[in-house]
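Okay, here's what each chain looks like letter by letter:
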Amino acid sequence: MAINLSKGQKIDLTKTNPGLSKITVGLGWDTNKYDGGKDFDLDVSVFLANAGGKVTKESNFIFFNNRQNENGSVVHTGDNRTGEGEGDDEQIQVDLLNIPADVEKIAFTITIYDADNRKQNFGQVSRSYVRIVNDLNNEELIRFDLGEDFSIETGVIVGELYRHSGEWKFNAIGSGYKDGLEGLTRQFGLQ
């Protein structure tokens, strides 16, 4: 049974699940009633950062146009442009045993594509979540529902996997950015 996390809560992932090596991080959302006449396209991006919280090379910024890092240990399975349907809208596959040694944090973010031009923000998004599934048995291990705390934000750091004493942990962050992907890339040291 999945552990439901609250904002700011941290949990051991590999220590409490011995042998865990391959996971799928699923992210999902719905949009509230929206009559702006434009599609509502949310995108998942992943930042593979060093101990200082910075991405040291562009191949460690995973998104719909760069779907995996150099060794294929983090793979974006594809862009969902509508968010329609049940279940995860986008997924990231992670091979924990093969994450490069210089990567200490893996941050999962959601941004709204072309938000300013489309006059869209996370105040128009509901039921957003992140969940971690054990690929071996398809068991949902962790779930974090973001809630409805956002208004003008166009980007959100949902959560992060991070190394601690040789184990992987998960931190439920749920922190919004009003300048979307641009603000997130600056946060992680990319231009």
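Below: a short report on this structure. Please read all numbers here as calculations on a predicted model, not as lab measurements.

We now examine the pattern of salt bridges. Oppositely charged side chains can form a pair if their charged atoms are brought close together. For the structure on display, the rule yields 10 salt bridges. The partner of Glu-182 in a salt bridge is Arg-186, and the shortest N-O contact between them spans 3.1 Å. Here Glu-182 pairs with Arg-186, and both are found in helix α2 (residues 180–187), just four residues apart, close to one helical turn. You can call Arg-186 partly exposed: its relative accessible area is 45%. In the salt-bridge network here, residues are joined through shared partners; they are Asp-88, Arg-131, Glu-140, Arg-143 and Asp-145.

Attention shifts here to the sheet that holds strand β9 (residues 125–134). Across the sheet, which stays open at both edges, the six strands sit in the order β1-β10-β9-β3-β7-β6 with mixed pairing between neighbours. Each edge of the sheet is formed by a strand with only one pairing partner; in this case those strands are β1 (3–5) and β6 (74–76). Neighbouring strand axes in the sheet, compared pairwise and without regard to direction, differ in orientation by 20° on average. Bridging between strand β3 (residues 22–31) and β9 involves eight bridges; their strand directions are antiparallel. Following the sheet pairing, Val-25 is matched in β9 by Ile-132.

Turning next to the sheet that holds strand β4 (residues 42–49). Ordered in space as β2-β12-β11-β8-β4-β5, the six strands form an open sheet in which the pairing is antiparallel. Two strands bound the open sheet, and with one partner strand each, they are β2 (10–12) and β5 (61–62). Pairing analysis gives two bridges linking β4 to β5, with the strands arranged antiparallel. Bridging from a neighbouring strand, Val-46 pairs with Ile-62 of β5.

Definitions and limits used
Residues numbered from 1 in each chain as written. Predicted model: local features only at pLDDT ≥ 70, side-chain atom pairs only at ≥ 80, totals over all residues. Heavy atoms only, no water. Salt bridge = Lys/Arg side-chain N within 4 Å of Asp/Glu carboxyl O. Helix = DSSP H or I, 4+ residues; strand = E, 2+ residues; numbered from the N terminus. Buried < 20%, exposed > 50% of the residue type's maximum accessible area, 1.4 Å probe, protein only. Pairing = 2+ DSSP bridges. Axes fitted to C-alpha atoms, helices over the stretch in contact; angles between N-to-C directions.

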